[in-house]
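Report on the structure
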Amino acid sequence: MDSFGSDFSSGSSSGKMDTGTIMEQVKVQIAVANAQELLQRMTDKCFKKCIGKPGSTLDNSEQKCIAMCMDRYMDAWNTVSRAYNSRLQRERARI
């Protein structure tokens, strides 16, 4: 248990992680989790919309539907993300 705590202590000697490094790792982990959630939601929604009878292969119309659904979902997500980030920046500027 001592070795776990020593990695996160606030010393400047080598082998120890500083707060900035830990924060960057947390940010990366959050970004990965968000991407996984996005892909899972997109898969669920597009599968329900486009696949009537699941089988071993997708026919042409199912393939086109999946591709268009995923494109629209990503476009919508990007639009919302840009608007959200813009709003956050405006709110931060007010503070």
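The shown structure was predicted, so the numbers you read here are calculated from the model rather than taken from an experiment.

**A few points about the pattern of salt bridges**
Applying the stated criterion across every chain yields a total of three salt bridges. The residue glutamate 37 makes a salt bridge to arginine 41 at a minimum N-O spacing of 2.7 Å. Of this pair, glutamate 37 and arginine 41 both sit in helix α2 (residues 19-50), four residues apart, which is roughly one turn of the helix. According to the relative accessible area criterion, arginine 41 is partly exposed, its value standing at 47%. The salt bridge involving glutamate 91 is made with arginine 94; its shortest N-O contact spans 3.5 Å. Residue glutamate 91 and its partner arginine 94 are located together in helix α3 (residues 60-94), separated by three residues, close to a single helical turn.

**Overview of the state of the cysteines**
One pass over the full model with this rule turns up two disulfides. Paired by a disulfide, cysteine 46 and cysteine 69 hold their sulfur atoms 2.0 Å apart. Judged by the torsion about the S-S bond (-85 degrees), the cysteine 46/cysteine 69 disulfide is left-handed. Residue cysteine 46 is found in helix α2, and its partner cysteine 69 is found in helix α3; the two are separated by 23 residues along the sequence. The same class applies to cysteine 46 as to cysteine 69, namely buried. Across a sulfur-sulfur distance of 2.0 Å, cysteine 50 and cysteine 65 are joined as a disulfide pair. Handedness of the cysteine 50-cysteine 65 disulfide follows from its S-S torsion of about -70 degrees: it is left-handed.

**A word on the nonpolar core**
One finds Leu38, Met42, Cys46, Cys50, Ile51, Ile66, Cys69 and Tyr73 forming the largest nonpolar core, which totals eight residues. Broken down by secondary-structure element, the contributors of at least two residues to this core are α2 and α3. Looking at which element gives the most residues to this core, the answer is α2, with four residues.

**Quick word on the side chain of glutamate 62**
Within the fold, glutamate 62 resides in helix α3. Lysine 53 provides the closest opposite charge to the buried, unpaired glutamate 62, separated from it by 9.8 Å. Not counting the four nearest positions on each side in its chain, glutamate 62 is found in contact with Cys50, Ile51, Gly52, Lys53 and Thr57.

**Topic: α3**
Count 3.6 residues to each turn of an α-helix, and residues three or four apart come out pointing the same way. Helix length check: α3 (35 residues) gives 51 Å between terminal C-alpha atoms against 51 Å at 1.5 Å per residue, within 8%. When we look at burial in α3, the residues that qualify are Glu62, Ile66, Cys69 and Tyr73. Buried-residue contacts for α3 involve α2.

Quick notes on the rules
- Residues numbered from 1 in each chain as written.
- Predicted model: local features only at pLDDT ≥ 70, side-chain atom pairs only at ≥ 80, totals over all residues.
- Heavy atoms only, no water.
- Salt bridge = Lys/Arg side-chain N within 4 Å of Asp/Glu carboxyl O.
- Helix = DSSP H or I, 4+ residues; strand = E, 2+ residues; numbered from the N terminus.
- Buried < 20%, exposed > 50% of the residue type's maximum accessible area, 1.4 Å probe, protein only.
- Disulfide = S-S within 2.5 Å.
- Core = buried A, V, L, I, M, F, W, Y, C linked by side-chain atoms within 4.5 Å.
- Lys, Arg positive; Asp, Glu negative; His and termini not counted.
- Contact = heavy atoms within 4.5 Å.
- Expected span 1.5 Å × (residues − 1).

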